[in-house]
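This is what each chain is made of:
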Amino acid sequence: MILAYGIALVFTIFTEAAHSRLFPLRPNEVVLLDSRESGWECWTKNTASDIGWRQQSRPGAGYSVYGLCESSSTTERDEFWLFGPLIPLGRALSVHVQVNFMLRSCADREIVDGRGGTCRENFDVFLQQEALRSDMDVADVPHTDSFKKLATISSDQKWSSRYPSEDTAVTSWLIRFRPQIERKAVTTATKMATHSSNGWMRLAIRDQGACLMLDRIRIYYLTCPAWQVGN
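Residues numbered from 1 in each chain as written. Predicted model: local features only at pLDDT ≥ 70, side-chain atom pairs only at ≥ 80, totals over all residues. Heavy atoms only, no water.

Below, the discussion takes up the nonpolar core. By size, the foremost hydrophobic cluster in this structure holds 32 residues, and its most contacted members are W53, F123, M201, L214, I217 and I219. Among the secondary structure elements, those contributing two or more residues to this core are β4 (64-68), β5 (80-83), β7 (95-103), β8 (123-130), β9 (148-153), β10 (171-177), β13 (200-207) and β14 (212-223). For I219, the residues in contact, after removing those within four places along its chain, are V30, V31, L32, L33, I87, V95, H96, V97, M201 and L203. (Core = buried A, V, L, I, M, F, W, Y, C linked by side-chain atoms within 4.5 Å. Buried < 20%, exposed > 50% of the residue type's maximum accessible area, 1.4 Å probe, protein only. Helix = DSSP H or I, 4+ residues; strand = E, 2+ residues; numbered from the N terminus. Contact = heavy atoms within 4.5 Å.)

Another aspect to go through is the environment of A92. Structurally, A92 is set in the loop between β6 (87-88) and β7. According to the relative accessible area criterion, A92 is buried, its value standing at 0%. For the pair A92 and P179, spaced 87 residues apart in sequence, the C-alpha to C-alpha distance is 7.3 Å. Ignoring sequence-local partners within four residues, the contact set of A92 consists of P179, N198 and Y221.

Time to look at the state of the cysteines. If you walk through the whole model with that rule in mind, you get 2 disulfides. For C69, the disulfide goes to C211, at an S-S distance of 2.0 Å. Taking the torsion about the S-S bond as the criterion, the C69 to C211 disulfide, at about -110°, is left-handed. With C69 in the loop between β4 and β5 and C211 in the loop between β13 and β14, this residue pair connects regions lying 142 residues apart in the sequence. Residue classification places C211 among the buried residues on the basis of a relative accessible area of 9%. For C106, the disulfide goes to C119, at an S-S distance of 2.0 Å. Here C106 and C119 share a disulfide; its torsion about the S-S bond, -80°, makes the bridge left-handed. In this pair, C106 sits in the loop between β7 and α3 (109-114) while C119 sits in the loop between α3 and β8, placing the two residues 13 residues apart along the sequence. Each member of the pair C106 and C119 is classed as buried. For the protein, numbering the cysteines in disulfides from first to last along the sequence yields the connectivity 1-4, 2-3. (Disulfide = S-S within 2.5 Å.)

Below, the structure is given as structure tokens:
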């Protein structure tokens, strides 16, 4: 009886392990920010409200987006920055930044003519990151030199007045980075514990001449799902 139970238990463990190899469990997503859920709350920009980035409702979609298509005659600024909120990274070891966007083609004559030939088909993603919140620049319009470039983004698919289908022009980019990690010893009356903090981050988007719509920005990290063999 005991032998039969042991064989059955070993077979169950082997079956579960084989199943996990054939059908691996998907990691869990811990979402730190989703602009579609938050409605771009606490995002700020480096220009007046009537210049540069504008938040607007995307027709037929039911959610808001950020857009920018300034001509050179509108403002003297060469750079338009959009700053995200401060985000605690918790236990994240690797952070994913998903940017859904739509670029307008510089082949459209009205874009090139309106910009005096300064039209671009790319934009930049920047990151500010510190181990401690007190070291972050928490101003609504922070100093841009506290940010480091993560990526320059473009796309082969661009919206054009010649090909006005929006669905085919929305592109998704995924950027991954490792956060800074700081460990601090915390002394109590009875014991000493180690506190692990992976710091804080703030995302920024820089436009230097693109006609651009930000459809969605998601920031998240992955965790391994709990797996246990039942009795």
